[in-house]
Amino acid sequence: MLRTSASRVLDDNDREEVLALLDADPVANVFVASRVRTVGLNPARLGGQMWGVGPRGGLVSLCYAGANLVPINAGREAVQAFADRARKQGRRCSSIVGPATAVEQLWERLEPHWGSARAIRWAQPVMVTDSAPAVEPDPLVRRVKPEDFGVLLPACVAMFTEEVGVSPDNGDGGALYRSRVAELIRIGRSYARIEDGQVVFKAEIGAVTPQACQIQGVWVHPDFRGRGHAVSGMATVVEQALKYFAPLVTLYVNDYNLSARAAYRRVGFREVDTFMSVLF
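The residue numbers shown here count from 1 along each chain, following its written sequence. For this predicted model, a pLDDT threshold of at least 70 governs which residues receive local features, and a threshold of 80 or more governs which side-chain atom pairs are given and counted, while totals over whole chains, interfaces and linings are taken from all residues. Calculated side-chain values reflect all of the structure's heavy atoms, with hydrogen atoms and water omitted.

Caption draft 1: How the structure looks around the overall build of the protein chain. Counting secondary structure elements, the protein chain contains nine helices and twelve strands. For the protein chain, whose C-alpha radius of gyration is 19 Å, the value lies close to the compact-globule estimate of 19 Å for 280 residues. With the principal axes as the frame, the protein chain shows a C-alpha extent of 60 × 35 × 35 Å. Exposure was quantified through the Shrake-Rupley algorithm and a 1.4 Å probe, taking into account, for residues, occlusion by the shown protein chains and nothing else. Within the structure as shown, the protein chain displays about 12800 Å² of accessible surface, and the carbon and sulfur contribution to it stands at 50%. Here the protein chain carries 32 positive and 30 negative side-chain charges, and the mean point of each set is 3 Å from the other. Labels follow the DSSP assignment, with helices taken as runs of H or I lasting at least four residues and strands as runs of E lasting at least two, numbered in each case from the N terminus. As a reference, a globule follows 2.2 Å times the number of residues to the power 0.38, and the radius of gyration itself is taken over C-alpha atoms. Under the counting rule used here, the positive set is Lys and Arg, the negative set is Asp and Glu, and His together with the chain ends is not counted. By convention, the charge on Lys lies at NZ, on Arg at CZ, on Asp at CG and on Glu at CD.

Caption draft 2: Highlighting the pattern of salt bridges. Salt bridges are identified by distance alone: a Lys or Arg side-chain nitrogen within 4 Å of an Asp or Glu carboxyl oxygen. Counted under the stated rule, the structure contains 18 salt bridges. As a salt-bridge pair, Arg15 and Glu16 come within 3.0 Å of each other at their nearest N and O atoms. Relative accessibility under 20% of the residue-type maximum defines a buried residue, over 50% an exposed one, and the middle range a partly exposed one, all with a 1.4 Å probe and only protein chains included. On the accessibility criterion, Arg15 (23% relative accessible area) is partly exposed. Between Asp23 and Arg37 there is a salt bridge, with the nearest N and O atoms lying 2.5 Å from each other. Residue Asp23 is located in helix α1 (residues 15-23), and its partner Arg37 is located in helix α2 (residues 30-39); the two are separated by 14 residues in the primary sequence.

Caption draft 3: Spotlight on the sheet that holds strand β8 (residues 190-195). DSSP calls a pair of strands paired once it identifies at least 2 bridges connecting them. Ordered by their spatial adjacency, twelve strands build an open sheet running β1-β2-β3-β4-β5-β12-β6-β11-β10-β9-β8-β7, and the pairing between neighbours is mixed. Of all strands in the sheet, those with a lone pairing partner are β1 (7-9) and β7 (142-143), marking the two edges. In this structure, strand β9 (residues 198-208) lies alongside strand β10 (residues 212-220), joined through six bridges in antiparallel fashion. In the sheet register, Ala207 faces β10, and the bridge partner there is Gln214. Contacts between α1 and the sheet are confined to β2 (49-53), β3 (61-65) and β4 (68-72), with β3 contributing the most and set at about 100° to the helix. Contact between two residues is taken to exist if any of their heavy atoms lie within 4.5 Å; hydrogens are not considered. With axes taken as lines fitted to C-alpha atoms, and helix axes fitted only over the stretch in contact, angles between N-to-C directions fall between 0 and 180 degrees. Sheet contacts for helix α9 (residues 258-267): β6 (119-129), β10, β11 (248-252) and β12 (270-279); angle to β6, the most-contacted strand, approximately 10°.

Caption draft 4: Seen up close, the nonpolar core. What we call a nonpolar core is a set of buried Ala, Val, Leu, Ile, Met, Phe, Trp, Tyr and Cys residues that are connected through their side-chain atoms within 4.5 Å. Ranked by size, the top nonpolar core spans 27 residues in total, and within it Ile205, Cys213, Ile215, Met234, Val237, Tyr264 and Phe269 carry the most contacts. Mapped by element, the contributors of at least two residues to this core are β9, β10, α8 (229-244), β11 and α9. Setting aside residues no more than four positions away along its own chain, Ile215 makes contact with Ala203, Glu204, Ile205, Met234, Val237, Val238, Val249, Thr250, Leu251 and Phe269. Counting 24 residues, the second-largest nonpolar core is a separate cluster that includes Cys63, Ala74, Ala78 and Leu110.

Caption draft 5: Broad picture of the environment of Ala207. The topology assignment puts Ala207 in strand β9. Judged by its relative accessible area of 1%, Ala207 is buried. Taking the C-alpha atoms as reference points, Ala207 and Val32, separated by 175 residues in sequence, lie 8.5 Å from one another. Filtering out sequence-adjacent residues up to four positions away, Ala207 remains in contact with Val30, Phe31, Ser34, Arg189, Ala212, Cys213 and Gln214.

Caption draft 6: Region of the structure containing the packing of helix α4 (residues 76-89) against helix α5 (residues 100-114). Direction vectors running N to C along α4 and α5 enclose 30°, while the axes themselves pass 9 Å from each other. The angle between the axes of α4 and α5 places the two elements in the roughly parallel class. Relative to α5, the crossing made by α4 is right-handed. Seen from α4, the contacting residues are Arg76, Val79, Gln80, Phe82, Ala83, Ala86 and Arg87; seen from α5, they are Ala102, Gln105, Leu106, Arg109, Leu110, His113 and Trp114. In this count, Pro and Cys sit with the nonpolar residues alongside Ala, Val, Leu, Ile, Met, Phe, Trp and Tyr, while Asp, Glu, Lys and Arg are called charged and the others, Gly among them, polar. Across the contact of α4 with α5, the residue classes tally to eight nonpolar, three polar and three charged. Should an angle lie under 35 degrees it is considered roughly parallel, over 145 roughly antiparallel, and from 65 to 115 roughly perpendicular; all remaining angles are considered oblique. Left-handed describes a crossing whose near helix is turned anticlockwise from the far helix by less than a right angle; the clockwise case is right-handed.

Caption draft 7: Expanded view of α9. When α9 is considered as a whole, its buried residues turn out to be Ala260, Arg261, Ala263, Tyr264 and Val267. Projection of α9 onto a plane perpendicular to its axis shows the buried side chains occupying an angular sector of 160°, all on one side. Opposite the packed face of α9, turned more than 90 degrees from it, sit the exposed residues Leu258, Ser259 and Arg266. Residues of α9 that are buried in the fold lie against β6, β10, α8, β11 and β12. The positive-phi residue at the C-terminal boundary of α9 is Gly268, with phi of around 130°. Starting at the helix axis, one direction is taken to each C-beta atom, and the arc is that of these directions.

Caption draft 8: Structural view of the state of the cysteines. We call a pair of cysteine sulfur atoms a disulfide whenever their separation is within 2.5 Å. Counted according to the given criterion, the structure contains zero disulfides. Left without a disulfide partner, Cys93 is nearest to the cysteine sulfur of Cys63, which lies 8.8 Å away. Residue Cys93 is classed as buried on the basis of its relative accessible area, which comes to 6%. Of the cysteine sulfurs around Cys156, a residue in no disulfide, the closest is that of Cys213, at 18 Å. Residue classification places Cys156 among the buried positions, given a relative accessible area of 2%.

As far as function goes, none of this settles anything; it's purely spatial.
What follows is the structure in structure tokens.
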């Protein structure tokens, strides 16, 4: 059995070992791996801490503790170590997200100390594709330009509010969220179909590593739903992702969103894992 003291805060000296552990499951770990590859493990740059179980040269489990709490390759003993550290530190995250079994075990240990969650998404299928889309891409879906920011932002806010249940404008007035939307546009990872100054479909490629990239923020304007825009729009985004970013394209979706799951399967995605999210 591991002692709860086995968890430790990692730093840039652990970077290569951390990346090796993350790359062992490039689909499940794409978000955290993208962060580490971009900014390293220094907490000031990472926007949080990376916790590890195991000595240097023998890391077995990780937990990203930033805006999200994300357990990685965490068995029961590692979950206990991470839960103890999180409990002592106090809640600083807006969600716990990751492989369903580890997240459920982590939440069982933290709920008595952190209180109830705002929402729990118990089962979120993780989907992946490595093939050209099985349907015709939408030729009107394109990379969003910086001058489109004012048109895209309301669609992003609507998507976030619909999906998460609160507005991204809460807290800091939306400054951080606007900055992230603008950054994804700037680096060419925001896609949309815009007609007459209105977003019909949009999606972003939020995380990228050499092995995989993750699509997020998929949204169709309510007035245009049921017309196939999600299928053809996603086909375009997948085509672009495979061409420019990574050989594997992934996303995760709420299990009860049957229409989205069906649309993604039509594009060519298959379900390979299950995540869980606890939202505060």
